[in-house]
Amino acid sequence: MVFITHLRPARPSDCVAIFQAHYYAVRLACLQSYDAIIRHEWLALLNENSYLRDMNQPNIALWVAEYHGAVMGFFQLDLLRAHLSAVYVHPAVHKQGIGTALLQRAEQLTLDSGASALSLYCPNNALAFFRLNGYQTLSEAFLPLNQDVKVPCRLMRKYLDK
């Protein structure tokens, strides 16, 4: 049984917890999929202030999942582009249904905004999760972390049922 207390829009007071979930997901969940250089450069880009900035963007939905009363995951959705730019769950609570709950809420917000499909760049470590949830690979891709380091990933899409 999943004990998600609440899925809700993020608040400024959530920034530290969002950062921690993001940081540990990249640091630990990506161990098998990416080398130390990629993980180091990826982690170097993360900072608590970026979430606050995104919360203030009118077309960005930043939501969190509380698990046993603590923020343990989040998603970030660009509603104009129907593009999911982040879904992260703290590795300490993987396989508890938190990622699926976040993804389903992002899909519903996408439908509510008038879009019929949701796209995302999927890191290699999350391919099985997104495939299990109905996403199909459109192409291989690389997301630049800086001028020299790029993250191999997949551009994926799912057509959503109304």
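Counting from 1, residues in each chain are numbered in the order their sequence is written. Only residues with pLDDT of at least 70 get local features here, since the model is predicted, and only at 80 or more are side-chain atom pairs given and counted; chain-wide, interface and lining totals rely on the full set of residues. Excluded from the side-chain calculation are hydrogens and water; included are all heavy atoms of the structure.

Novice: I'd like a rundown of the overall build of the protein chain, residues and numbers included.
Specialist: The helix count covers DSSP runs of H or I at least four residues long, the strand count covers runs of E at least two residues long, and both are numbered beginning at the N terminus. When you go through the protein chain residue by residue, the secondary structure sums to five helices and seven strands. Computed over its C-alpha atoms, the radius of gyration of the protein chain comes to 15 Å, within 12% of the 15 Å expected for a compact globule of 162 residues. Overall, the C-alpha framework of the protein chain stretches about 40 × 35 × 35 Å when taken along its three principal axes. Counting only contacts in the protein chain whose residues sit at least 6 apart along the sequence, the fraction spanning at least 24 positions is 62%. Where accessible areas are quoted, they stem from the Shrake-Rupley method and a 1.4 Å probe; at the residue level, only the protein chains shown are allowed to cover. Within the structure as shown, the protein chain displays about 8800 Å² of accessible surface, and the carbon and sulfur contribution to it stands at 51%. Across the protein chain, the 14 positively charged side chains and the 12 negatively charged ones have centroids separated by 4 Å. Computation of the radius of gyration draws on C-alpha atoms alone. For the globule rule, the value is 2.2 Å times the number of residues to the power 0.38. Residue contacts are counted whenever heavy atoms from the two residues lie within 4.5 Å of one another. Two residue types count as positive, namely Lys and Arg, and two as negative, namely Asp and Glu; His and chain ends fall outside the count. To locate a charge, the coordinates of NZ of Lys, CZ of Arg, CG of Asp or CD of Glu are taken.

Novice: Tell me about helix 4 (residues 98-112), and name the residues and values.
Specialist: Its 15 residues give helix 4 an end-to-end C-alpha distance of 21 Å, which sits within 8% of 21 Å, the value for a rise of 1.5 Å per residue. Here the term buried applies to any residue with accessible area under 20% of the maximum for its type, exposed to any over 50%, and partly exposed to those in between, with areas from a 1.4 Å probe on protein chains only. If you check which residues of helix 4 are buried, you get Ile98, Gly99, Ala101, Leu102, Leu103, Ala106, Glu107, Leu109, Thr110 and Leu111. To estimate how far a helix should extend, the number of its residues minus one is multiplied by 1.5 Å.

Novice: Describe the packing of helix 1 (residues 15-29) against helix 3 (residues 48-55), with residues and values.
Specialist: Orientation is described by lines fitted to C-alpha atoms, with helices fitted over the stretch in contact, and by angles between N-to-C directions that extend from 0 to 180 degrees. Close contact between helix 1 and helix 3 brings their axes to 8 Å; oriented N to C, the two are set at 115°. Here the hand of the crossing between helix 1 and helix 3 comes out right-handed. Of helix 3, the residues touching helix 1 (which contributes Cys15, Val16, Ile18, Phe19 and His22) are Glu48, Tyr51, Leu52 and Met55. Residues are grouped as follows: Ala, Val, Leu, Ile, Met, Phe, Trp, Tyr, Cys and Pro are nonpolar; Asp, Glu, Lys and Arg are charged; all remaining types, including Gly, are polar. Of the residues in the contact of helix 1 with helix 3, the class split is seven nonpolar, one polar and one charged. Crossings are classed by handedness, with left-handed meaning an anticlockwise turn of the near helix from the far one by less than a right angle and right-handed meaning a clockwise turn.

Novice: Any chance you could break down the pairing of strand 6 (residues 136-144) for me, citing the residues and the numbers?
Specialist: In the sheet, strand 6 pairs with strand 7 (residues 150-159) via eight bridges, with the strands oriented antiparallel. Looking at the pairing, Gln136 lines up with Arg157 of strand 7. Only strands that DSSP links by at least two bridges are regarded as paired with each other. Here strand 6 folds back onto strand 7, and the loop between the two strands holds five residues.

Everything listed here is a matter of coordinates, which is why it stays silent on function.
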